[in-house]
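Residues per chain, in single letters:
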Amino acid sequence: MTHDHRPFGRLITAMVSPFHDDGSLNAEGAARLATYLVDEQANDTLVINGTAGESPTTSDGEKETLVRAVVEAVGDRAKVVAGVGTNDTRHTIELAAAAEKAGAHGLLVVTPYYNKPTQAGLIRHFTAVADTSGLPVMLYDIPHRSGVEIATETLVKLAEHPRIVGVKDAKGNLTATSWVKRRADLAYYSGDDALTLPLLAIGGVGVVGTSTHLCGPETKEMIEAFERGDVTTAGELHRRLLPLYTGVFKLPGTVLVKAALKTRGLPAGPVRSPLVDATDAELAELRDDCATAGLAL
């Protein structure tokens, strides 16, 4: 099956979900943050309701509200991909239908977590979601969180589905990814900010980032430099941004991104339990990482 080479552009940010100080959803803030990410941080696509958006602690109604708010704010100039993955196929299908109705342009479907299905179970799960939705699907392969990887043979099989078009690759196994790229037409996006350039080198097309809340233009410049054959510039940018690419994950990425956004006067709010907001010392360390990467926080 032949798919669009780059179905969601080059630069995608997995957007945090802004909350009010009392922990309630800030839909107006989500619209403002999405505008900043598209207009100032150069994003082609935003993922809403991913793990960075604290999807484990937002209700189904909140998820739909977030998609609607972001689509209304930026859907005319960027794509909006809704995270709908759960470890329950029926629930995932319900979330996918709600996201499609709310105007999403695509779906991000993570490997079912905790219950550790077999590869046959993964094929059944992902295929069921893709069969019942009219939207293109990006699979999310992140075994260190889900407990099970999407195996090479499974990815090759799933690539035969006309609506399964891409992978957010957080497996960290470039050899396995290379074998998939050799055998299947899937658009690969790095799910690990620091592995974006290495993934491009084996056929990837972009990134679904977290640090890109703060370094979107620079990351896009790195991707575009590589694509035009300027590997020297791409490598220089990769090495320059590495302290931020890795530093933002010294805590769960959502925590430090929200702390950083607050310093820029942007909507963020607190994280929801069981996450804990960053301390002043942890934020200071992120400031140092940003400064080392040549960015002011």
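Residues numbered from 1 in each chain as written. Predicted model: local features only at pLDDT ≥ 70, side-chain atom pairs only at ≥ 80, totals over all residues. Heavy atoms only, no water.

1. A closer look at helix H10 (residues 231–247)
Thought 1: Taking 1.5 Å per residue as the helical rise, H10 with its 17 residues ought to reach 24 Å, and the 24 Å between its terminal C-alpha atoms agrees with that figure.
Thought 2: For H10, the set of buried residues is Ala234, Gly235, Leu237, His238, Leu241, Leu244, Tyr245 and Gly247.
Thought 3: Against the buried residues of H10 lie helix H8 (196–201), helix H9 (212–227), helix H11 (253–263) and helix H12 (280–292). (Helix = DSSP H or I, 4+ residues; strand = E, 2+ residues; numbered from the N terminus. Expected span 1.5 Å × (residues − 1). Buried < 20%, exposed > 50% of the residue type's maximum accessible area, 1.4 Å probe, protein only. Contact = heavy atoms within 4.5 Å.)

2. So, the nonpolar core
Thought 1: Met15, Leu46, Val70, Leu107 and Leu261 are the most contacted members of the largest nonpolar core, which has 78 residues in total.
Thought 2: With 17 residues, the next largest nonpolar core counts Phe8, Ala52, Leu108 and Val165 among its residues. (Core = buried A, V, L, I, M, F, W, Y, C linked by side-chain atoms within 4.5 Å.)

3. Regarding the sheet that holds strand S4 (residues 106–110)
Sheet strands pair by backbone hydrogen bonding; their relative direction is either parallel or antiparallel.
Thought 1: With parallel pairing, the 8 strands of this closed barrel are ordered in space as S1-S2-S3-S4-S5-S6-S7-S8. Within the sheet, the average angular offset between the axes of one strand and its neighbour, ignoring direction, is 25°.
Thought 2: Packed on one face of the sheet, helix H2 (residues 60–74) meets strand S2 (45–48) and strand S3 (79–83) and runs near 165° to S2. (Pairing = 2+ DSSP bridges. Axes fitted to C-alpha atoms, helices over the stretch in contact; angles between N-to-C directions.)

4. Re unusual backbone geometry
Thought 1: With an omega of 20°, the peptide bond running from Ser273 to Pro274 counts as cis.
Thought 2: The phi dihedral of Lys116 falls on the positive side, at around 50°, and the residue is not glycine.
Thought 3: For Lys116, the location among the structural elements is in the loop between S4 and helix H4 (119–132).

5. Side note on helix H7 (residues 174–183)
Thought 1: Along H7, the residues that are buried comprise Ala176, Thr177 and Val180. Down the axis, H7 shows its buried residues gathered within 100° of arc, on one side only. The exposed residues of H7 that point more than 90 degrees off its buried face are Thr175 and Arg182.
Thought 2: Lining the buried residues of H7 we find helix H6 (152–158), strand S6 (164–169), strand S7 (187–190) and H8. (Arc of directions from axis to C-beta.)

6. Observations regarding the packing of H2 against helix H3 (residues 89–101)
Thought 1: Remark: H2 packs on H3, axes separated minimally by 9 Å, with the N-to-C direction vectors making an angle of 30°. The angle between H2 and H3 falls in the class roughly parallel. Where H2 crosses over H3, the handedness of that crossing is right-handed. When H2 is examined against H3, the residues Asp60, Lys63, Glu64, Val67 and Arg68 are found in contact with a partner set consisting of His91, Leu95, Ala98, Ala99 and Lys101.
Thought 2: A per-class count over the contact of H2 with H3 returns 4 nonpolar, 1 polar and 5 charged. (Parallel < 35°, antiparallel > 145°, perpendicular 65-115°, else oblique. Left-handed = near helix turned anticlockwise from the far one by under 90°. Nonpolar A, V, L, I, M, F, W, Y, C, P; charged D, E, K, R; others polar.)

By themselves, these observations are geometric and do not establish any function.
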